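Below, each chain spelled out in residue letters.
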Amino acid sequence: MDMSARSSIEPVKGAGDAADHEPVDRPLLRPLPWVTILLSITLLLAIVVSLLTGPMSFSTGEIITSAKLLFSGAETAGTADWVIRELRLPRVVLACVVGAGLAVAGCVTQGVFRNPLADPGLIGVSSGAAFAAVAVIVLSGSLLQGWSGLTGPYALPLAAFVGGLAVTMVIYRLGTRNGETQVALLLLAGIAINVLAGAATGILTYVADDQQLRDLTFWSMGSLANGGWREISACAVFVLAPLAYCLSRFRILNALLLGEQVAGHLGFPVQREKRALLAAAALMVGAGVAVAGMIGFIGLVVPHLLRLIVGPDHRWLIGLSALSGALLLLIADTLARTVIAPADLPVGLLMAIIGGPVFLFLLVQQSRRWV
Amino acid sequence: MTLRVRSVSLNLHNRRLLENVSFDLHAGDRVAVLGANGAGKSTLLKCLTGEYTAVSGAITLDGRRLGDLPAAERALKMAVMPQGMTLAFPLRVCDVVALGRSRHMDERRSRHWQKAAMEMMDVWHLRSREYPTLSGGEQQRTQMARVLVQIWDCHQHSGDGYFLLLDECFSAADPAHQHSMMEKVGSFADRGVGVLAVMHDMSLAAAWADRVLLLKQGKVTASGPVELLTLPHILQEVYDLPKSLADDYARNNRHWLERNAGQSTFIEQSRSLRQI
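Residues numbered from 1 in each chain as written. Chains lettered and ligands numbered in written order. Predicted model: local features only at pLDDT ≥ 70, side-chain atom pairs only at ≥ 80, totals over all residues. Heavy atoms only, no water.

As recorded by an unreviewed UniProt entry, chain B carries the name Iron complex transport system ATP-binding protein and is attributed to Thalassolituus maritimus. What the UniProt record of chain B gives under Function (unreviewed entry) is the line "Part of the ABC transporter complex HmuTUV involved in hemin import. Responsible for energy coupling to the transport system." (UniProt positions renumbered as here; feature names shortened; annotations may be inferred.)

Per an unreviewed UniProt entry, chain A goes by the name Iron complex transport system permease protein and belongs to Thalassolituus maritimus. Heading Subcellular location (unreviewed entry) of the UniProt record for chain A holds this comment: "Cell membrane". Its UniProt record, at the heading Sequence similarities (unreviewed entry), says of chain A: "Belongs to the binding-protein-dependent transport system permease family. FecCD subfamily."

The structure is reproduced here in structure tokens:
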């Protein structure tokens, strides 16, 4: 574009000529490779900064030593190495996995429901997942005794998945008429489900004993402080597998941008694909909720901002959502554990402070579109 | 290859939407489906695209039931343009057109086809505009480019076996575009593609179609050559028109038909001239 403007005598005509030779799919004003590279570099930097941040200070050299030890599979050597590898790294990895999962889940539900407000948190998927996970924690000694024995370390993520999936299906039935999703209905149903799940979670909290209460506290606010490697590996399986699936489904998500009818004409088995995508989203949300509790707004904020930058093409949007979600939650968590150090601010609260205004802004934008 | 519709009926919500509809769509056909509002034109189209499944009767493609054909396979042969379309998120014109190739998974390799389709539908200059900012007619032309590029493969060999199903595709376009665009769609029929177009504008149908299918209250009132549109009593029957109006429309349609016939001989002449 620059070149042609400089070389041509008549800028208007010259610009038009240059545009004529432009390949159809070259993104205009949408520098995708740069966004990808920039995001990756920033994420790497954020990981290093997050590892360096905390009550104990390390040098970058110690981080590199730890990284070398980690990749060679050696045992932890010394306090510094132990703090980095057993305290900070799990938290960093968890933030990345959960953030990526939540952002992609948001991206997918918005794509399937064809609305930027259809965030898993807002439509009740997260609270459904949280309710199921709390039920497992509180009732694992009594009603749900068999469940934990059956599924071992996956008991919590699986239960959260089932809860999230159940809510997704209910919401889907309630909010969709003739293949078109009514946003208002969807969000109102979300409110109702949030209230119901909240009440049920409250009842469970009420009957919980002291130890269970301690386990439950972080659910209400969302925190990454409770993840060990065991939880992380379980979480990663349930996030990365559906994430890969969603990445491969960019074509149906793009076709859905044109509506379900047209997606059908384009040759996609729409109902089957939609169900699979929503299940994948519920799986990612469930996994995130099971380990980190309720962390809202990532699925709302990240895809929205990315659409402004790179457009709505899911070929890019899903992968970039994963990167940005990881980045956002990592930064938020690093902030959360430093602003009021040594206390640990639940990152869910911080995300709500960031996400609330964005949600309001989106509402204003939508209302303009409705008028 | 023929798309065969045999005594198709459809009941929905205790209402009879289609009753005993039969017709054939052959290779190279230009069929216009006409009728009053609520006559079942769009419903018929949706039966052909498999959107209604509780259809009695038989719709077969080359002897195979259309319902047995996987959606993906059908999309390679049959492109559909529905009446209205709203976008969930603002895509650019070129992105919308590229989606026409998503089932073929060659969005990048088929770029020259996408360009050709956009040029054919006169939207190439709009390619980097966002779809929702376009006017109604421009949106329809963009959609048509997407629909055409889906079966652009028919340019590589015969168009036989490909089908275009269009639902009032240029209703919002200006008259100049309506006629020139329909003629370009008609060029697909010349390649052997079977084209079925639901239309509202009788004169456009008279100018464009070879055959017409006239529906009234879900039933076929008449079907046959496009000359049916020049018969006042048929129009009176199909549209419930008063006689004087029906006469006017019939006269008008004859004019369009003759004009079209003159044009095609002209085109044939110029073709033969070029060959010399």
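**Q** Go over the overall build of chain A, please, and point to the residues and values.
**A** Within chain A, the regular secondary structure consists of 17 helices and 2 strands. When the 371 residues of chain A are sorted by exposure, 51% land in the buried category. Across chain A, contacts joining residues at least 24 apart in sequence account for 75% of those joining residues at least 6 apart. About 16700 Å² of surface is accessible on chain A, with carbon and sulfur atoms providing 70% of the total. (Helix = DSSP H or I, 4+ residues; strand = E, 2+ residues; numbered from the N terminus. Buried < 20%, exposed > 50% of the residue type's maximum accessible area, 1.4 Å probe, protein only. Contact = heavy atoms within 4.5 Å. Areas by Shrake-Rupley, 256 points an atom, 1.4 Å probe, with all protein chains shown as cover.)

**Q** Could you give an account of the pattern of salt bridges, naming the residues involved and the relevant values?
**A** Applying the stated criterion across every chain yields a total of 20 salt bridges over all chains. In this structure, Asp333 of chain A and Arg91 of chain A form a salt bridge, with 2.8 Å as the shortest nitrogen-oxygen distance. Of this pair, Asp333 of chain A sits in helix 16 (residues 314-336) while Arg91 of chain A sits in helix 5 (residues 78-113), and the two are 242 residues apart along the sequence. For the pair shown, Asp333 of chain A and Arg91 of chain A are each scored as buried. One continuous salt-bridge network, built from bridges that share partners, spans Arg251 and Arg315 of chain A together with Glu107 of chain B. (Salt bridge = Lys/Arg side-chain N within 4 Å of Asp/Glu carboxyl O.)

**Q** Residues and numbers for the nonpolar core, please.
**A** Grouped together as the largest cluster of nonpolar side chains are 169 residues, with contacts concentrated most on Met121, Met144, Leu164 and Leu166 of chain B. Element by element, the count of residues in this core is highest for helix 5 of chain A, at 19 residues. With 29 residues, the next largest nonpolar core counts Leu25, Leu61, Met78 and Val80 of chain B among its residues. (Core = buried A, V, L, I, M, F, W, Y, C linked by side-chain atoms within 4.5 Å.)

**Q** Tell me about the interface of chain B and chain A, and please be specific about residues and values.
**A** Taken residue by residue, the interface counts 37 residues in chain B and 31 residues in chain A. Both faces combined, the contact of chain B with chain A buries some 3000 Å², and carbon together with sulfur accounts for 56% of it. Across the chain B-chain A interface, the total number found is 2 salt bridges. A salt bridge links Arg315 of chain A to Glu107 of chain B; its shortest N-O distance comes to 3.5 Å. Applying the counting rule to chain B against chain A returns 9 residue pairs in polar contact (both at pLDDT 80 or more). Listed by contribution, the elements that provide at least two residues to the side of chain B that touches chain A are helix 2 (71-77), strand 6 (78-81), helix 3 (93-98), helix 4 (111-120) and helix 5 (136-150) of chain B. In terms of residue count, helix 4 of chain B provides more of the side of chain B that touches chain A than any other element does, 4 residues in total. Tallied by class, the residues present in the side of chain B that touches chain A amount to 18 nonpolar, 7 polar and 12 charged. (Buried area = accessible area lost by both parts, 1.4 Å probe. Polar contact = N/O pair within 3.5 Å; in protein donor to acceptor, adjacent residues only side chain to side chain. Nonpolar A, V, L, I, M, F, W, Y, C, P; charged D, E, K, R; others polar.)

**Q** Describe the environment of Ser110 of chain B, listing the residues and the values that go with them.
**A** Residues and elements named next belong to chain B. Positionally, Ser110 belongs in the loop between helix 3 and helix 4. Residue classification places Ser110 among the buried residues on the basis of a relative accessible area of 2%. Engagement of the side chain of Ser110 in a polar contact is seen with the side chain of Gln114, the distance being 3.0 Å.

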